[in-house]
Amino acid sequence: MKRFGLSIVLAVAIAALGASSGPVALATPLHADATTLTLSGDQRLDPKGAVMKGQYVISATLNAGDKLISQRSVVFRQHVDLFGPRDADLGTAVTDSTGTAVIFDQPAETGSQMISAQFAGDDAFAGSSATLTLDVREVVPVFTPVPSPLASLGKWLTVSLGVLGVVFWAVVLGVFTRAVVKIISASPDDSRVGEFPLVVPATKSTQGGVAVQIPSRDSISGVPPPR
Amino acid sequence: MLRYPLPFLQDVHDAALRPHARSGWRFWGIAVVLALFICWGLVGYIIQLGSGLGAAGYSDTAFWGIYEANLIAFIGLSYGGALVSAILRLTHAKWRAPITRLAEAMAVFSLVVGMLFAVIHLGRPERIWRLVLTPQIDSPLVWDFVAIMSYLIVTIIFLYLPLIPDLAVMRDQRAGDRGLFARLYRIFAINWRGLPEQWRALNGATTTVAILIIPLAVSVHSVLSWAFAVTSRPGWHSTIFGPDFVVAALYSGVAAVILVVAGFRKGYRLDRYITLKHFQNLAFILLTLDLLYLYFTFTELLTEGYTMAEDVVPVVASLLVGEYAPYFWLFVGAAGILPLLLIAIPRTRTIRGIAVAAALTVAGMWLKRLLIVVPVVAHPLITGDWGSFNPTWIALSITLGAAAAIPLLLMLFFKFVPILAIGEMEEMAAEEEQVTAPSSTAEPLNVRGGVAQ
């Protein structure tokens, strides 16, 4: 009875652990051997031993006590804040005969990067994880865009359209303002505006009715006739 | 010296100011009906604001629809009004005088109403300010914003300049009046006295603005088309979209001018000044644009469909023989064939026949704008499922409310400014109605008002 009670407590504890840390603990049988994951990172070297600019090698070594564990998958992640804090996958690698899983990383930005590795565990071995702060000092662009032959044209187009717009507005506002000023200045404010009669000769039309002679606009002197 | 009968001068004056008289039951009846449509549209918009664009029939698979079609269609109407007036002015078409005021006013009000749809089609309209505060110069939507705002200001100037002499007439009529409107007339008439130097300044400015408004209007509709054409969506990514939009706007705009002119002619008994000749001249312009637009439509579909490109064929097929075929062929009939026949056949080339052709054109071209937007949006780019856009009563109410706003705004506007360009009318009449000059010993006669002062 006492063992049954202990089993229930253990089961609840395991379930709670599983809920808080993902499928790792849930997938780990009680009889599995505990494992340790060791994580390291360094600049990547080419076959000649030269440092490959902006590239890093991240290694995770999995062991259970003194025993190196091979043929196990290790998931590498990086903590990022893009679109909210989260762990972004860097990749998965399988441990070799030395118990080491390796990925190559080409960081996008300099500074401290929080890297984590996780072995999920299986029937024989319990899961384990490790973290590493990688100090990235230089980066190379992951993707080098080929400049579009039209890119410079686009800038010139924008500038040209901007200039055209400014010229257009200068003309519109200039013409409008000039017309308004001319209209106002041609006729100083006068309380009699619109009240003076225009005296024009009228006669009986030869076609019947009254006909009136209106002077053409150019012939008007601009001086209001006397009242 | 120019001579023409005095009664004609007086008639022009009276006719231009006819809307200012006490309005009858017919005016108020129409105004109330139009206002009700607008109120109903406002109710729809308030509901849409609360519920989101889904209330108007928008969805993930139909992210653009009726409002975008309305934006293009209403701004297109404006384009026609401005261009008709500008081109007729620049070509010194003498018959233009009675219709320019109506065309210019329609250009302003249909543009204002059309611009509203740029806000209405946003789920979060308060974000429209981001276009101003954080503009992305690479975005065609920013180009649209700049082009439409520029066009609005120039259209208002284009309406205002020829209005100055007529505002002076209104000012003179209210001489001694200290009321608000009298004061406004005084301000906006800017001391106009019809002096030769004033006429020269005014005519020069009007001509320059008429010249400038043509490329501006072309650019507005080209930019509107680029909001579609610079995307890579099949059906929109077309080089002909710019000229196609310009011609479509001009076509529907001329039709709208005919409708407005016919409506106000009947409403204010302007038949003496706006005659069958005016309608026939406008109808011939409409006919030309009809043929041009049919040609553009044919060219677009032929070049896109002939290559049988995998991504374009479904869209073209949906238009010609598929889900949207009934609407497409309805457009061809209503805005293509029927107006063409009504204008081409002399027997139907009456004012009524031309007005019917114009009404069919306006309705058909609105449908065409919907067909530009919806089938392409509904065509999936990633998944295999076609979307669909079914406008709800809210979308239709807002559309009808906006359509009702244009005639109502025009009716109210002409309650305060002359409906005919008095100055131009008299100038044209003087040129048209020259009679034999009388002897210079004629008895003097006093004439008041109008440009002759």
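Residues numbered from 1 in each chain as written. Chains lettered and ligands numbered in written order. Predicted model: local features only at pLDDT ≥ 70, side-chain atom pairs only at ≥ 80, totals over all residues. Heavy atoms only, no water.

Concerning the nonpolar core
Alright, step 1. Residues Tyr67(B), Tyr151(B), Phe228(B), Phe264(B), Phe331(B), Leu410(B) and Phe414(B) are the most contacted members of the largest nonpolar core, which totals 161 residues.
Alright, step 2. Looking at which element gives the most residues to this core, the answer is helix H9 (residues 241-267) of chain B, with 17 residues.
Alright, step 3. Setting aside its immediate chain neighbours within four residues, Tyr67(B) contacts Gln48(B), Leu53(B), Ala56(B), Tyr58(B), Phe117(B), Ile120(B), His121(B), Ile394(B), Ala395(B) and Ile398(B).
Alright, step 4. Formed by 21 residues, the second largest nonpolar core is a distinct cluster that contains Leu39(A), Tyr56(A), Ile58(A) and Val74(A). (Core = buried A, V, L, I, M, F, W, Y, C linked by side-chain atoms within 4.5 Å. Buried < 20%, exposed > 50% of the residue type's maximum accessible area, 1.4 Å probe, protein only. Helix = DSSP H or I, 4+ residues; strand = E, 2+ residues; numbered from the N terminus. Contact = heavy atoms within 4.5 Å.)

So, the environment of Leu161(B)
Alright, step 1. Secondary-structure assignment places Leu161(B) in helix H6 (residues 140-173).
Alright, step 2. Spatially, the C-alpha atoms of Leu161(B) and Phe188(B) are 10.0 Å apart, while their sequence positions differ by 27 residues.

Let's talk about the pattern of salt bridges
All names here are of chain B.
Alright, step 1. Under the counting rule described, the total for this entry stands at seven salt bridges over all chains.
Alright, step 2. Ionic pairing is found between Arg-89 and Glu-104, a salt bridge with its closest N-O pair at 2.8 Å. One end of the pair, Arg-89, is in helix H3 (residues 66-90); the other, Glu-104, is in helix H4 (residues 97-120), with 15 residues separating them in the sequence. There is no split in this pair, since Arg-89 and Glu-104 are both buried.
Alright, step 3. Note that Asp-172 is salt-bridged to Arg-171, the shortest N-O span being 3.0 Å. In terms of burial, Asp-172 and Arg-171 fall into one category: buried. (Salt bridge = Lys/Arg side-chain N within 4 Å of Asp/Glu carboxyl O.)

Quick notes on the environment of Val417(B)
Residues and elements named next belong to chain B.
Alright, step 1. Positionally, Val-417 belongs in the loop between helix H14 (393-413) and helix H15 (422-432).
Alright, step 2. As a C-alpha pair, Val-417 and Ile-137 span 280 residues in sequence and 40 Å in three-dimensional space.
Alright, step 3. Apart from residues no more than four positions distant in its own chain, Val-417 is found in contact with His-20, Leu-163 and Leu-167.

Some details on the sheet that holds strand S7 (residues 111-119) of chain A
Within a beta sheet, neighbouring strands are joined by backbone hydrogen bonds and run either parallel or antiparallel to one another.
Residues and elements named next belong to chain A.
Alright, step 1. The strand order S5-S4-S7-S8 describes an open sheet built from four strands, whose pairing is antiparallel. Strand pairing shows two members of the sheet lacking a second neighbour, strand S5 (86-94) and strand S8 (128-136), which therefore form its edges. Direction aside, the axes of adjacent strands within the sheet are offset by 25° on average.
Alright, step 2. In this structure, strand S4 (residues 73-80) lies alongside S5, joined through eight bridges in antiparallel fashion. Bridge assignment links Arg-77 to a residue of S5, and that residue is Asp-89. (Pairing = 2+ DSSP bridges. Axes fitted to C-alpha atoms, helices over the stretch in contact; angles between N-to-C directions.)

Some remarks on unusual backbone geometry
Peptide bonds are, in most cases, trans, and in most cases residues other than glycine have a negative phi.
Alright, step 1. At Gln71(A), a residue that is not glycine, the phi angle is positive and equals roughly 60°.
Alright, step 2. In this structure, Gln71(A) sits in the loop between strand S3 (67-68) and S4.
Alright, step 3. Positioned with a positive phi, Ile190(B) is a non-glycine residue whose angle comes to about 35°.
Alright, step 4. The residue Ile190(B) is located in the loop between helix H7 (180-188) and helix H8 (196-229) in this model.
Alright, step 5. Overall, Ile190(B) belongs to the buried group, its relative accessible area being 11%.

Let's talk about the side chain of Glu104(B)
Alright, step 1. Given a relative accessible area of 1%, Glu104(B) falls into the buried group.
Alright, step 2. The contact partners of Glu104(B), leaving out residues within four places of it in the chain, are Gly81(B), Ser85(B), Arg89(B), Phe158(B), Leu159(B) and Pro162(B).

Considerations on the confidence of the model for chain B
All names here are of chain B.
Alright, step 1. Overall, the prediction assigns chain B a mean pLDDT of 86, with 92% of residues at 70 or greater.
Alright, step 2. Below a pLDDT of 50 lies the segment residues 435-453, which in the model reaches 56 contacts outside its immediate sequence neighbourhood of four places, other chains included.
Alright, step 3. Here the predicted complex carries an ipTM of 0.78, next to a pTM of 0.71. (pLDDT = per-residue confidence, 0-100.)

Focus on the layout of surface pockets
Alright, step 1. As a volume, the largest pocket reaches approximately 1,000 Å³.
Alright, step 2. For the lining of the largest pocket, the secondary structure elements donating two or more residues are helix H2 (25-51), H3, H9, helix H13 (351-378) and H14 of chain B.
Alright, step 3. When the residues that make up the lining of the largest pocket are grouped by side-chain class, the tally is 25 nonpolar, six polar and six charged.
Alright, step 4. Looking at the second largest pocket, its volume works out to about 890 Å³.
Alright, step 5. Leu161(A), Gly162(A), Gly165(A), Val146(B) and Val223(B) are, among the 23 residues lining the second largest pocket, the residues nearest its centre. (1 Å grid on protein atoms, 1.4 Å probe; cavity = no way out; pocket = protein on both sides within 12 Å on 5 of 7 lines; lining within 4 Å. Points joined across faces, edges and corners; volume = space filled by probe spheres on them. Nonpolar A, V, L, I, M, F, W, Y, C, P; charged D, E, K, R; others polar.)

What to know about the packing of H3(B) against H14(B)
Residue and element names in this part refer to chain B.
Alright, step 1. Where H3 contacts H14, the axes come no closer than 11 Å and their chain directions differ by 10°. In terms of orientation, H3 lies roughly parallel with respect to H14. Across the interface between the two elements, Ile-66, Tyr-67, Asn-70, Phe-74 and Leu-77 of H3 pack against Ile-394, Ala-395, Leu-396, Ile-398, Thr-399, Ala-402, Ala-403 and Ile-406 of H14. (Parallel < 35°, antiparallel > 145°, perpendicular 65-115°, else oblique.)

Considering H2(B)
Residues and elements named next belong to chain B.
Alright, step 1. Taking 1.5 Å as the rise per residue, H2 with 27 residues should run 39 Å; its terminal C-alpha atoms sit 39 Å apart, in good agreement.
Alright, step 2. Along H2, the positions that sit buried rather than exposed are Phe-27, Ala-31, Leu-34, Gly-41, Gly-44, Tyr-45 and Gln-48.
Alright, step 3. Buried residues belonging to H2 abut H3, H4 and H14.
Alright, step 4. Backbone geometry just downstream of H2 places Gly-52 in the positive-phi region, at approximately 95°. (Expected span 1.5 Å × (residues − 1).)

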